[in-house]
Amino acid sequence: MGNVIVSQTESTGLSVILNQPFDYSQGDRAILTHLGLIAELQATDVSDILLAQTRHLHVASYFLQTKLQPDLLALFKRARSLGLTTSLDTNYDPSEHWRGFDDLLAVTNVFLPNEAEATSLTAAENADEAANRLKVEAAAIKLGKAGALGISQSQKIQMSSIPVKVVDTVGAGDTFDAGFIYGYLNDWGLEKSLRLACVCGALSTQAAGGTAAQPTLEEALKFL
């Protein structure tokens, strides 16, 4: 816990997710967030000493982290100069402006948007077109129950999901990210990394609550 920043005066962030009652597989969802300390993290809070203890830096919920946004480019450059790889899952831009990503994606090794985010960022009509326009080392575009679309250098692969009884999709995207990054960091190819990501994301939806159904690596590998 030594690298967790604790405030005695401010509150922890909290999100309430509104979804279709009793059917998490239908329709979109709305998320109401009390930012609390989510918006307070700054690039200067992440020291070179801390970065030197790891090999990869992942950033999610970019648009909620308003104090991190201006210096994230510099943070990613600093991380890469220390030998780390980087990944980014932006989530959706409430302003729908999608500004400043050309420079940021240039220092992002792995980009992990969903279809709506990828098409909005690239002004594309669909995920396939968005994949052709993204300029990153590797990307995995989440397609929900349809699986995912992955790109890496000259490769582009569509991967289906696995059949599961969906109870709650909260956190599935983050679990997908974890699966893909695990494969990437272990030098797996695009197809195998994408398969693990789809399996992890699907397995995480089988119980209510963001952590209740998180699969272990051993459980996920059975589907590979």
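It should be noted that the structure appears before, not after, this text.
Nothing here was measured: the structure is a model prediction, and the numbers come from that model.

Procedures and definitions
- Residues numbered from 1 in each chain as written.
- Predicted model: local features only at pLDDT ≥ 70, side-chain atom pairs only at ≥ 80, totals over all residues.
- Heavy atoms only, no water.
- Helix = DSSP H or I, 4+ residues; strand = E, 2+ residues; numbered from the N terminus.
- Rg over C-alpha atoms; globule rule 2.2 N^0.38 Å.
- Buried < 20%, exposed > 50% of the residue type's maximum accessible area, 1.4 Å probe, protein only.
- Contact = heavy atoms within 4.5 Å.
- Areas by Shrake-Rupley, 256 points an atom, 1.4 Å probe, with all protein chains shown as cover.
- Lys, Arg positive; Asp, Glu negative; His and termini not counted.
- Charge placed at Lys NZ, Arg CZ, Asp CG, Glu CD.
- Pairing = 2+ DSSP bridges.
- Phe/Tyr/Trp six-rings, centres within 6.5 Å; stacked < 30°, edge-to-face > 60°.
- Disulfide = S-S within 2.5 Å.
- Right-handed = clockwise from strand over helix to strand, strands pointing away.
- Salt bridge = Lys/Arg side-chain N within 4 Å of Asp/Glu carboxyl O.
- Expected span 1.5 Å × (residues − 1).

(A) Region of the structure containing the overall build of the chain. Helix and strand counts for the chain stand at 8 helices and 8 strands. The C-alpha atoms of the chain give a radius of gyration of 17 Å, which matches the 17 Å a tight globule of 224 residues would have. Based on the C-alpha atoms only, the size of the chain along its principal axes is roughly 45 × 40 × 35 Å. Sorting the 224 residues of the chain into buried and exposed places 40% on the buried side. Taking all contacts inside the chain whose residues are at least 6 apart in sequence as the whole, residues at least 24 apart take part in 59%. As displayed, the chain has an accessible area near 12,400 Å², and 52% of this comes from carbon and sulfur atoms. In the chain, 16 positive and 25 negative side-chain charges are present, and the distance between their average locations comes to 4 Å.

(B) Spatial organisation of the pairing of strand β6 (residues 138–142). Most of β6 is tucked away, with 5 of its 5 residues classed as buried. The alternating pattern of β6 places A138, A140 and K142 and A139 and I141 on opposite faces, both of which are buried. Relative to strand β7 (residues 148–152), β6 runs antiparallel, the two sharing 5 bridges. Its bridge partner lying in β7, K142 is registered against A148. Linking β6 to β7, which pair antiparallel, is a turn of 5 residues; within it G144 sits at a positive phi near 65°.

(C) How the structure looks around the packing of aromatic side chains. According to the stated counting rule, one finds 7 aromatic pairs in the structure shown. Aromatic pair F63 and F101: ring centres 5.9 Å apart, planes at 50°, arrangement tilted. Of this pair, F63 sits in the loop between β3 (56–60) and α2 (69–81) while F101 sits in helix α3 (residues 101–106); the two residues are 38 residues apart in sequence, bridging distant segments of the chain. F101 shares its class with F63; the two are buried. Where W98 meets F101, the ring centres are 6.2 Å apart and the plane angle is 50°; that geometry is what we call tilted. With respect to class, W98 is no different from F101; both count as buried.

(D) Highlighting the state of the cysteines. Considering all chains together, one arrives at 0 disulfides under this definition. In this structure C198 is a free cysteine whose sulfur lies 9.5 Å from that of C200, the closest cysteine sulfur available. Residue classification places C200 among the buried positions, given a relative accessible area of 9%.

(E) Up close: the environment of I157. Inspection of the secondary structure puts I157 in strand β8 (residues 155–159). Setting aside residues up to four positions removed in sequence, I157 forms contacts with A148, L149, G150, L190, E191 and L194.

(F) Focus on the pairing of strand β4 (residues 85–89). The element β4 is largely enclosed, with a buried count of 5 among its 5 residues. Burial along β4 is two-sided: the residues T85, S87 and D89 and T86 and L88 are all buried. Of the pairings in the sheet, the one linking β3 to β4 comprises 5 bridges and is parallel in character. Bridged to H58 within β4 is S87. At this point the chain moves from β3, through α2, to the parallel β4, and the crossover so formed is right-handed.

(G) The pattern of salt bridges, seen in detail. In total, this model carries 6 salt bridges according to the counting rule given. In this structure, K67 and E40 form a salt bridge, with 2.7 Å as the shortest nitrogen-oxygen distance. Of this pair, K67 sits in the loop between β3 and α2 while E40 is found in the loop between β2 (30–34) and α1 (48–51), placing the two residues 27 residues apart along the sequence. Two residues, D48 and R78, come together in a salt bridge whose shortest N-O distance is 2.7 Å. With D48 in helix α1 and R78 in helix α2, the pair connects residues that are 30 residues apart, well separated along the chain. Assessed through its relative accessible area of 23%, R78 is described here as partly exposed. One network of salt bridges, with partners in common, ties together D89, K142 and D177.

(H) Structural context of helix α7 (residues 190–203). Between the first and last C-alpha of α7 there are 20 Å, a value that for 14 residues agrees with the 20 Å anticipated at 1.5 Å per step. Counted residue by residue, α7 has 11 buried out of 14 residues, so it is predominantly covered. Of the residues making up α7, those classed as buried are L190, S193, L194, L196, A197, C198, V199, C200, G201, A202 and L203.

All we've got here are geometric facts, nothing functional implied.
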